[in-house]
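# Observations on the three-dimensional arrangement
This is what each chain is made of:
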Amino acid sequence: MSKDTHNLENTILELEKCIQELKNNSEQDSSIEIKKLEEKKKTLQKEMYSNLPPYEIVKISRHHLRPPVSDYINLMVDDFVELHGDRSYGDDKCIITGLGKIGNKKVLIIGHQKGKTTKERIKLNFGMPNPEGYRKALHKMKLAEKFHLPIVTLIDTPGANPDIGAEERGQAHAIATNIAEMTKLKTPIICIVIGEGGSGGALGIGVGDKFSILEFAYCSVISPEGCAAILWKSKDNAEQAATALKFTAKDLYELGIVDEIIPEPTGAAHNNPEEMARTLKETIVRYIEELQAIPIDKLIENRHNKYRKIGCFLDGE
Amino acid sequence: MFFKRKRNIPDGLWKRCEGCNNVVYKKKVEEKYNVCPECNYHFRIPTSERIKIMLDKNSFEEYWKNMLPADPLNFKDRISYKDRIAKEQKKTGLKEAATVGKGTIEGKSVIFAVTDPRFIMGSMGSVVGEKITRAAEKALELRLPLIIITGSGGGARMHEGIISLMQMAKTSSAISRLQEAGTPYISVLTDPTLGGVMASFASQADIIMAEPGALVGFAGPRVIKETIKKTLPKGFQTTESMLKHGFIDMIVERSKLRHEISKILDYCNSNTNN
């Protein structure tokens, strides 16, 4: 953690302590003082969160209290019906799929599952899906296409599972198939990075008409640690790699990769999950309305063009 | 066999085979398509050699040959991306990892693309993504089969960050359009094909061929080893293992690739089949 961020965080913690002490002291009325301190805390939090270096943002995106997909389903989806299974091998819990209503919009929801407790995290393989997860997602996406339901994907993965079984069951093929199919599915697709957008593992459910990101999420071709290990020959250089890769929400917006940065509450999403879910819900409803107004052939054409123009090179002709 | 330390053999008449570790007569290897006469190990070959082996003599007409990489992130690790590109260009004589053009295989016209693992591990940045995309568009425009030979240990290129990652979707979308039009796409996996290349256009083909003994997969073997903290089983992530698990159509020796592709093209031409 950089020195400035560290100092700010310490000051905020001190303030919190003072506020708590004042609240616990019932002998005198300190409500005016408490209010003052809370205002100060909010200002400092804003300052701290507005100047975070990239690797600090990575840490927030991985914060153990950061709301996972299951929280957003609880907070913003009505009548959720979970659907299981890829119809060929298994049911990867690491990708959750189901039908539900967001506002007045019926949708298919797909999301990476990270879990909240250590036990859950282990069970969900820390959000690293197997090929079955991607195949399950595709199977449900075809269902959504058939019934003209918009697809909402919530991305939060360090990457696809890199192990022997995943390789032998065709991790690369599963991701490649999803990417190819998502470029042409005849229904609106909205992709939102809510935490970690880890490389191919993110893209396997991350191709669509809208690609947006929460303020303190990141999306990258490789993790900062992985990049540091290869290019700097040491994971200790992750901070430098995080800066070099330009993967924060702000960078991605400037590079023209994301459509929108979805603002987080003061102190980031984990500080106020309810507020975060409300903002996310409003954004999704707005996107669906916008996309449903476009004729489907035009939508697919726009989607193709959106990706077609990404690239930076010298033509030389 | 991929982790053996390379021992230095003086340049000249002999070279050491990375497959069987025998010292083999260089000329004999070169005559045999750069395949070891002792163990059938397929040496990695440069783009120029690949074109010579795959296409009819003098049939190759290169497209977009002056396309050059830019540096969208102003990326710098221990050396700058700009310097790295200059170094790789000098080393390989190539401007970028991908070479694309039109040529004939046993008289049949094709759009042909190859990625060279010597250029930043054949990784896909904007230039590779753009050239593969344009190759698919050209194939669609001319209604010609698309043949892509991948050698890409790097997958999506880190130095162009998110832009590289998005090339997976870009190439994939262009190839989808080609495939929907009924034009054949054959992919040939060579040593090594991993990561973002394998998880996008390389796996998307109608027919997937592979050279024997090539390293292919999603995650690199080093990453897997570190994750599971175990040694990897023998033959893991080879094309033979991929064939066994059902992810490729066939393993073809380098010397027979041309003819096998030509045979398949006879069946995959929707213009002549009734």
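Residues numbered from 1 in each chain as written. Chains lettered and ligands numbered in written order. Predicted model: local features only at pLDDT ≥ 70, side-chain atom pairs only at ≥ 80, totals over all residues. Heavy atoms only, no water.

### What about the interface of chain A and chain B?
Selection criterion: Residues are treated as being in contact if the distance between any of their heavy atoms lies within 4.5 Å. By buried area we mean how much accessible surface two parts lose on assembly, using a 1.4 Å probe and totalling the loss over both. The salt bridge criterion pairs a side-chain nitrogen of Lys or Arg with a carboxyl oxygen of Asp or Glu, the two atoms within 4 Å. Under the rule applied, a polar contact is a pair of N or O atoms within 3.5 Å (in protein, one hydrogen donor and one hydrogen acceptor; residues adjacent in sequence only if both atoms are side-chain atoms). For the purposes of this entry, the term helix denotes a DSSP run of H or I that reaches at least four residues, the term strand denotes a run of E that reaches at least two, and both are numbered from the N terminus.
Between chain A and chain B, the contact holds 51 residues from the first and 61 residues from the second. Both sides of the chain A and chain B interface together cover about 4,900 Å² of buried area, and 68% of this is carbon and sulfur. The largest contributions to the chain A side of the interface with chain B come from Glu167, Leu231 and Arg308 of chain A, which together make up 14% of the buried area. Where chain A touches chain B, the interface holds six salt bridges. The salt bridge partner of lysine 235 of chain A is glutamate 226 of chain B, with a shortest N-O separation of 3.4 Å. The tally of links between chain A and chain B comes to 18 residue pairs in polar contact (both at pLDDT 80 or more). Contributing elements (two or more residues each) for the side of chain A that touches chain B: α7 (164–168), α8 (171–182), α9 (199–203), β7 (218–220), α10 (224–232), α14 (296–308) and β9 (313–314) of chain A.

### Thoughts on the pairing of strand β4 (residues 151–157) of chain A
All names here are of chain A. Basically, it comes down to this: Only protein chains enter the calculation, and the probe is 1.4 Å; a residue is then buried if its accessible area is under 20% of its type maximum, exposed if over 50%, and partly exposed in between. For two strands to be treated as a pair, DSSP must find at least two bridges joining them.
Buried residues dominate β4, accounting for seven of its seven residues. With burial as the criterion, each face of β4 is covered, one bearing Ile151, Thr153, Ile155 and Thr157 and the other bearing Val152, Leu154 and Asp156. As paired elements, strand β3 (residues 105–112) and β4 share four bridges and run parallel to each other. Counted as the bridge partner of glycine 111 is leucine 154 from β4. Note that β4 and strand β5 (residues 189–198) share six bridges and pair parallel. Among the inter-strand pairings, valine 152 is bridged to a residue of β5, identified as isoleucine 190.

### Some words on the domain arrangement of chain B
All names here are of chain B. Applied cut-off: Residue ranges for the domains trace back to a domain assignment, done automatically or taken from a database.
One can read the domain layout of chain B as domain 1 (14–43) and domain 2 (44–273). Relative placement of domain 1 and domain 2: their C-alpha centres are 24 Å apart. Domain 1 puts seven residues into the contact, and the matching count from domain 2 is 10 residues. Of the roughly 770 Å² buried at the junction of domain 1 and domain 2 (both faces included), carbon and sulfur atoms supply 50%. It is Tyr33, His42 and Phe43 in domain 1 that bury the most area against domain 2; as a group they hold 71% of the surface buried on that side. Where domain 1 touches domain 2, the interface holds zero salt bridges.

### A few points about the sheet that holds strand β5 (residues 98–105) of chain B
Residue and element names in this part refer to chain B. Rules: Only C-alpha atoms enter the line fits that serve as axes; for helices the fit covers just the stretch in contact. Angles between N-to-C directions range over 0 to 180 degrees.
Strand order across the open sheet formed by seven strands is β3-β5-β6-β7-β8-β9-β10, with mixed pairing between neighbours. Where the open sheet ends on each side, the last strands, each with one partner, are β3 (61–63) and β10 (250–251). Bridge analysis of strand β6 (residues 108–115) against strand β7 (residues 146–152) gives four bridges, and the strand direction is parallel. By the bridge assignment, valine 114 is partnered in β7 with isoleucine 149. Lying on the sheet, helix α2 (residues 47–54) is in contact with β5, β6, β7 and β8 (185–193); it crosses β6 at an angle near 155°.

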